[in-house]
Amino acid sequence: MLRAALWLTSLVFVPVGLFLYFLPPEVATLLTVSPLWLARVSGGLVLAWGLLLLAASGRPDALGAGALAGGNLLLVAALVPAVLRLGDTLPPAVRGAMLGFAGLLTVLAVLGLLGWPSASSRRDA
């Protein structure tokens, strides 16, 4: 289950990171992202995080599970208050997509915690 949670989370972060890194200026104005270099830097970080999770899915361990859950929950904790505060200024589709993204990350974090390697599986490895 931990391997699947890592894999699915990386499949979320890699496209989002690429999208933010190559964010077209028209979309940036729709999302009210300014300055544009900030979106590119955050896209690079999200892409790197996704690739790290993809690499960790090859041999999941307790560190990978902790990184998955911690990273996802920190991102949710940063995303949800911002969406709720800017809710009226965001288009409804964007607000729904961002809340859905936060929900998906929460579910994947819980899956990662449920798949936490037991002490006996760590000894066998």
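Residues numbered from 1 in each chain as written. Predicted model: local features only at pLDDT ≥ 70, side-chain atom pairs only at ≥ 80, totals over all residues. Heavy atoms only, no water.

**Considerations on the overall build of the chain**
Inference 1: Counting secondary structure elements, the chain contains six helices and zero strands.
Inference 2: In terms of overall dimensions, the chain has a C-alpha envelope of 55 × 25 × 15 Å along the principal axes.
Inference 3: Burial status across the chain gives 30% buried among its 125 residues.
Inference 4: When contacts within the chain are restricted to residue pairs at least 6 apart in sequence, long-range pairs at least 24 apart make up 72% of them.
Inference 5: Accessible surface for the chain amounts to roughly 7,400 Å². Of this, 74% is attributable to carbon and sulfur atoms.
Inference 6: Within the chain, the 4 negative side-chain charges are centred at a point lying 6 Å from the centre of the 7 positive side-chain charges. (Helix = DSSP H or I, 4+ residues; strand = E, 2+ residues; numbered from the N terminus. Buried < 20%, exposed > 50% of the residue type's maximum accessible area, 1.4 Å probe, protein only. Contact = heavy atoms within 4.5 Å. Areas by Shrake-Rupley, 256 points an atom, 1.4 Å probe, with all protein chains shown as cover. Lys, Arg positive; Asp, Glu negative; His and termini not counted. Charge placed at Lys NZ, Arg CZ, Asp CG, Glu CD.)

**Section: the packing of helix α4 (residues 62–85) against helix α5 (residues 92–114)**
Inference 1: Packing of α4 against α5 leaves a shortest axis separation of 8 Å and a crossing angle of 155 degrees. In terms of orientation, α4 and α5 fall into the roughly antiparallel class. The element α4 and its partner α5 pack so that their crossing is left-handed. Contacts between α4 and α5 involve Ala65, Leu68, Ala69, Asn72, Leu73, Leu75, Val76, Leu79, Val80, Val83 and Leu84 on the former and, on the latter, Arg95, Met98, Leu99, Phe101, Ala102, Leu105, Thr106, Leu108, Ala109, Gly112 and Leu113.
Inference 2: Split into classes, the residues belonging to the contact of α4 with α5 amount to 18 nonpolar, three polar and one charged. (Axes fitted to C-alpha atoms, helices over the stretch in contact; angles between N-to-C directions. Parallel < 35°, antiparallel > 145°, perpendicular 65-115°, else oblique. Left-handed = near helix turned anticlockwise from the far one by under 90°. Nonpolar A, V, L, I, M, F, W, Y, C, P; charged D, E, K, R; others polar.)

**Here we look at the side chain of Ser10**
Inference 1: As for its placement among the helices and strands, Ser10 is situated in helix α1 (residues 2–21).
Inference 2: Judged by its relative accessible area of 1%, Ser10 falls in the buried class.

**Here we look at the packing of aromatic side chains**
Inference 1: Taken as a whole and assessed by the stated rule, the structure comprises two aromatic pairs.
Inference 2: Ring centres 4.9 Å apart and planes at 90 degrees place the aromatic pair Tyr21 and Phe22 in the edge-to-face group.
Inference 3: Since its relative accessible area comes to 39%, Tyr21 is described here as partly exposed.
Inference 4: The exposure class assigned to Phe22 is exposed, which follows from its relative accessible area of 57%. (Phe/Tyr/Trp six-rings, centres within 6.5 Å; stacked < 30°, edge-to-face > 60°.)

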